[in-house]
Amino acid sequence: PTVGVPAKSALPQPAGQPVARVNGAVLTDRDLQREIFSIFPYARQHGGSVPKELEPGIRKGALQMIIFEELVYQEAERRKMTVAPERLSRAEADFRKQFPTPDDYNSFLQAEFKGSQQAMRAKIRRSLLIEQLLKMEVDSKSAVSVAEAKAFYDKNPGSFQYPESFAIQTISFLPPEKATPSQLQEARKRAEETLPKAKAAKTYEEFGLLAEKVSEDDYHVMMGDHKAMARAQIAPAVLQALLALQSGQITGILQVENVYTIVRLNQHILPGKRKFEDEKEQLMKQLEKTKTNQVRANLDKKLKQKAKIEVL
């Protein structure tokens with residue numbers, strides 16, 4: 001929930017026109033603009049505007065969010081939830097720190113709350129109540145245990161399998177498009193002159209430094225490193241040569257269409273399945289995100305069942 005983030009430059013302020021009513025509580029275009037800036041911060045740096053093609057979707061999402069937050073706030077009030085005075089004071093102090101100078105803070109207070117400190121504290125309290133209820137009803141119900149993650153891992157083995165692949169480096173020589181026979185011959189000559197130096201390279205670094213110096217493909221800036229490429233991504237001529245190599249060995253000159261290339265095999269990776277221990281942390285985050293979205297959507301649906309919502 002946003003109280004309102006200080007703008008670095010003066011932006012056109014909405015007039016405070018109603019955009020929705022939630023059980024009688026009015027939400028205005030100011031609330032909507034704040035949420036749009038939260039979803040799409042880029043707009044704040046560009047005079048408050050959103051690209052036309054994105055505007056309908058972002059506006060719809062922002063409107064849904066401010067309605068949801070108002071429903072959550074009303075539910076917190078219905079449950080008679082409270083905010084400890086020291087928690088409120090701390091949040092107010094943290095909010096003030098966002099402003100470079102006291103004058104900036106006072107300007108914001110005047111623009112948003114007609115100078116009323118009390119109105120601003122009420123807005124911060126509202127924000128904290130929303131946060132508290134969401135922690136109780138969403139965050140605490142969205143935690144994923146190691147056992148849940150392991151069950152997902154066991155039930156979906158295909159998601160954790162990886163194909164046969166080859167980690168390679170290349171040094172390539174590219175003749176111009178629509179090359180003449182003499183230009184092709186010149187590219188081949190450059191490859192032949194480089195091959196002895198490539199064969200003499202005993203390590204990843206030595207081959208990589210040579211690639212940086214002489215290779216003409218885009219990978220030269222990455223020491224010729226293509227990382228792991230799936231078998232299906234590799235040209236047949238290159239694949240055939242790689243299958244005959246051990247890790248650390250280097251091919252002769254290979255021709256793929258009009259490109260002459262020299263390839264170092266760093267690792268031949270056989271197909272397999274990633275270990276649960278290696279996947280556990282990322283998987284738990286992914287499952288928690290999915291669960292959070294589901295729990296939040298269920299709360300939204302539940303709160304809307306008895307609510308009167310008018311989009312204006």
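Structure report, in brief. (Residues numbered from 1 in each chain as written. Predicted model: local features only at pLDDT ≥ 70, side-chain atom pairs only at ≥ 80, totals over all residues. Heavy atoms only, no water.)

### What to know about the overall build of the chain
The cut-off we apply is this: Put simply, DSSP H or I for four residues or longer makes a helix, DSSP E for two residues or longer makes a strand, and each gets a number counted from the N terminus. With a 1.4 Å probe rolled over the protein chains alone, any residue whose accessible area is under 20% of its type maximum counts as buried; one over 50% counts as exposed, and the rest are partly exposed. When checking whether two residues touch, look at their non-hydrogen atoms; a contact exists if any pair is within 4.5 Å.
Broken down by element type, the chain carries 11 helices and nine strands. When the backbone C-alpha atoms are referred to their principal axes, the chain occupies close to 80 × 50 × 35 Å. Looking at the chain as a whole, 39% of its 312 residues are labelled buried. Relative to all contacts within the chain whose residues are 6 or more apart in sequence, the contacts with residues 24 or more apart total 71%.

### Observations regarding the nonpolar core
We count it as follows: For our purposes a nonpolar core is just a set of buried Ala, Val, Leu, Ile, Met, Phe, Trp, Tyr and Cys residues, chained together by side-chain atoms within 4.5 Å.
With 40 residues, the main nonpolar core has V72 and L299 as its most contacted residues. Listed by contribution, the elements that provide at least two residues to this core are β1 (18-22), α1 (29-39), α3 (55-78), α4 (85-96), α5 (102-113), α6 (117-137) and α11 (276-305). Top element by residues in this core is α3. It accounts for 10 residues. Formed by 14 residues, the second largest nonpolar core is a distinct cluster that contains F173, A187, A191 and F207.

### Remarks on the environment of M229
With respect to the helices and strands, M229 occurs in strand β5 (residues 225-230). Sequence separation between M229 and S165 is 64 residues; the distance between their C-alpha atoms is 5.1 Å. Excluding anything up to four places from it in sequence, M229 contacts E164, S165, F166, I168 and I234.

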